[in-house]
Amino acid sequence: AKFPQSLPANVSFGIELYLDEQWPEIEAEPDVCKRRLKSRTSATVSPGENREFGEFANGFVRQTIRPHIWFFAINDCNNTLGDTSGVFVLEFQ
């Protein structure tokens, strides 16, 4: 990920992965931090030096019954981002 320069030092945030068939239920949960409990997988991401790409989070997704759309969500449930706004660039391979 590439991060806004306005990020405070020592921040981290969560990335969660959901299947398309779960998404309506996930969006219906008003507490965004409870949504993580229903994610297929999750990771914590922190920026590297100079807010460039940090360490890679490796993993894979698999589907067997039919093609799916995968939803990725970012959260700040540990409250380290504060009032930061900006563009977060995430790269998936």
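These remarks concern the structure in this document. (Residues numbered from 1 in each chain as written. Predicted model: local features only at pLDDT ≥ 70, side-chain atom pairs only at ≥ 80, totals over all residues. Heavy atoms only, no water.)

With respect to the state of the cysteines
All told, the structure shown has one disulfide when counted by the stated rule. Shown here is the disulfide that connects Cys33 with Cys77, its sulfur atoms set 2.2 Å apart. The sign of the S-S torsion, about -110°, decides the handedness of the disulfide formed by Cys33 and Cys77: left-handed. Of the two residues, Cys33 sits in the loop between α1 (23-28) and β2 (41-45) while Cys77 sits in the segment after β3 (70-75), which places them 44 residues apart along the sequence. You can call Cys77 partly exposed: its relative accessible area is 28%. (Disulfide = S-S within 2.5 Å. Helix = DSSP H or I, 4+ residues; strand = E, 2+ residues; numbered from the N terminus. Buried < 20%, exposed > 50% of the residue type's maximum accessible area, 1.4 Å probe, protein only.)

A closer look at the side chain of His68
Relative to the helices and strands, His68 resides in the loop between β2 and β3. At a separation of 2.9 Å, a polar atom in the side chain of His68 contacts the side chain of Asp20. In terms of polar contacts, His68 uses its side chain to reach the side chain of Arg66, at 3.5 Å. When neighbours within four sequence positions are excluded, His68 is seen to be in contact with Leu19, Asp20, Glu21 and Gln63. (Polar contact = N/O pair within 3.5 Å; in protein donor to acceptor, adjacent residues only side chain to side chain. Contact = heavy atoms within 4.5 Å.)

Some words on the sheet that holds strand β1 (residues 13-19)
Across the sheet, which stays open at both edges, the three strands sit in the order β2-β1-β3 with antiparallel pairing between neighbours. The sheet is open, and its two edges are formed by β2 and β3, each paired on a single side. Going across the sheet, the axis of each strand differs from the next one's by a mean of 20°, ignoring polarity. With six bridges connecting them, β1 and β3 associate as antiparallel partners. Pairing of Glu16 across the sheet is with Ala73, part of β3. (Pairing = 2+ DSSP bridges. Axes fitted to C-alpha atoms, helices over the stretch in contact; angles between N-to-C directions.)

Some remarks on the environment of Ser39
Residue placement: Ser39 occurs in the loop between α1 and β2. Judged by relative accessible area, which is 16%, Ser39 ranks as buried. With near-sequence residues (within four places) excluded, Ser39 lies in contact with Glu16, Leu17 and Tyr18. Looking at Ser39, its side chain comes within polar contact range of the main-chain oxygen of Arg36, at 2.9 Å. Here the side chain of Ser39 touches Thr41 through a polar contact of 3.4 Å, landing on its backbone oxygen.

By themselves, these are just geometric observations and shouldn't be taken as functional.
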